[in-house]
Amino acid sequence: MSVNKVILVGHVGKDPDVRHLDSGVTVARFSLATNETYTDKTGKKVTQTEWHNIVVWSKLAEIAEKYVKAGKLLYIEGRLKTSSYDDKEGVKKYKTEVFCDNFRFLGPSGNAEAGGNGSQAKSVEAATVAEPQGSIPEPDDLPF
């Protein structure tokens, strides 16, 4: 048995880049920043920012296109997917992305339609979202 599960809470770096494929499927990509703060050996607080590449498909991508904006605080659930390509010099490069299964708006929202008055988080589930053909299907029966 194996598990590929990612949970992130962070701020959207830029508005989603949305594409509508010839097949009719929508895909949205955006960056998400998470911060880690620690105290170094001199007693100074240091904050490190990690940037994550988020990919959202189908109906969930359409929701992201409409409501996800730079600066929004999001809770993301998904799985890691790594791909490779050769750059112009023929050097193999790797890219790791978080394929988002669902997300939740956190914090106050200036848009009542998207997230309410900030007292509640708005959850967006991907239960009906399917990736384009060729993806690896999830097992129907788990042994536990």
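Residues numbered from 1 in each chain as written. Predicted model: local features only at pLDDT ≥ 70, side-chain atom pairs only at ≥ 80, totals over all residues. Heavy atoms only, no water.

Undergrad: If you had to explain the packing of aromatic side chains to someone new, which residues and values would you point to?
TA: Enumeration according to the criterion identifies two aromatic pairs in this entry. Between Trp-57 and Phe-99, the ring centres sit 6.1 Å apart and the planes meet at 45 degrees, which makes this aromatic pair tilted. Within this pair, whereas Trp-57 is found in strand 4 (residues 45-57), its partner Phe-99 is found in strand 6 (residues 92-106), the two being separated by 42 residues in sequence. On the basis of relative accessible area, Trp-57 is assigned to the buried category, the value being 12%. Where Phe-103 meets Phe-105, the ring centres are 5.5 Å apart and the plane angle is 85 degrees; that geometry is what we call edge-to-face. For the pair Phe-103 and Phe-105, one class covers both residues: buried. (Phe/Tyr/Trp six-rings, centres within 6.5 Å; stacked < 30°, edge-to-face > 60°. Helix = DSSP H or I, 4+ residues; strand = E, 2+ residues; numbered from the N terminus. Buried < 20%, exposed > 50% of the residue type's maximum accessible area, 1.4 Å probe, protein only.)

Undergrad: Let's hear about the pattern of salt bridges: which residues, and what values?
TA: Opposite charge on two side chains makes pairing possible when the charged atoms of those side chains draw close. Using the criterion set out here, one finds seven salt bridges in the structure. The closest approach of N and O atoms between Asp-87 and Lys-93, which form a salt bridge, is 4.0 Å. Classification of Asp-87 as partly exposed rests on a relative accessible area of 21%. Bridged by salt links that share partners, the residues Arg-29, Lys-95 and Glu-97 form one connected network. (Salt bridge = Lys/Arg side-chain N within 4 Å of Asp/Glu carboxyl O.)

Undergrad: Hey, could you go over the confidence of the model for the chain for me, with residue numbers and the actual values?
TA: Overall, the predicted model of the chain reaches an average pLDDT of 82, with 75% of residues at or above 70. Within the chain, helix 2 (residues 112-115) has the poorest average pLDDT of any element, 39, and strand 1 (residues 6-12) the best, 97. Low pLDDT, under 50, characterises residues 110-121; the stretch is placed with 18 contacts to residues that sit more than four places away or in other chains. Long-range and interchain partners of residues 126-144, a stretch whose pLDDT sits below 50, account for 17 contacts in this model, where long-range means more than four residues apart. (pLDDT = per-residue confidence, 0-100. Contact = heavy atoms within 4.5 Å.)

Undergrad: Give me the lowdown on the pairing of strand 6, citing residues and values where you can.
TA: Successive residues of a regular strand alternate their side chains across the two faces of the sheet. One ladder, built from two bridges, connects strand 4 with strand 6; its direction is parallel. Paired with Ile-54 across the bridge in strand 6 is Val-98. Joining the antiparallel neighbours strand 5 (residues 73-86) and strand 6 is a turn of five residues, in which Gly-90 adopts a positive phi near 85 degrees. (Pairing = 2+ DSSP bridges.)

Undergrad: So what about the nonpolar core? Which residues, and what values?
TA: The nonpolar side chains of soluble globular proteins are, as a tendency, buried together. In this structure, Phe-30, Ile-54, Val-56, Val-68, Leu-74, Ile-76 and Phe-103 are the most contacted members of the largest nonpolar core, which totals 19 residues. For this core, the secondary-structure elements that each account for two or more residues are strand 1, strand 3 (26-39), strand 4, helix 1 (58-67), strand 5 and strand 6. Discounting chain neighbours no more than four positions away, the residues touching Val-56 are Thr-26, Val-27, Ala-28, Phe-30, Ala-61, Cys-100 and Phe-103. Among the nonpolar cores identified, the runner-up in size contains five residues, and Val-25, Val-55, Trp-57 and Phe-99 belong to it. (Core = buried A, V, L, I, M, F, W, Y, C linked by side-chain atoms within 4.5 Å.)

Undergrad: I'd like a rundown of the pairing of strand 5, residues and numbers included.
TA: Note that strand 1 and strand 5 share six bridges and pair antiparallel. If you follow His-11 over to strand 5, its bridge partner there is Leu-73. Bridge count between strand 5 and strand 6: 14 bridges; the pairing is antiparallel. The residue bridging Leu-80 from the neighbouring strand is Val-98, located in strand 6.

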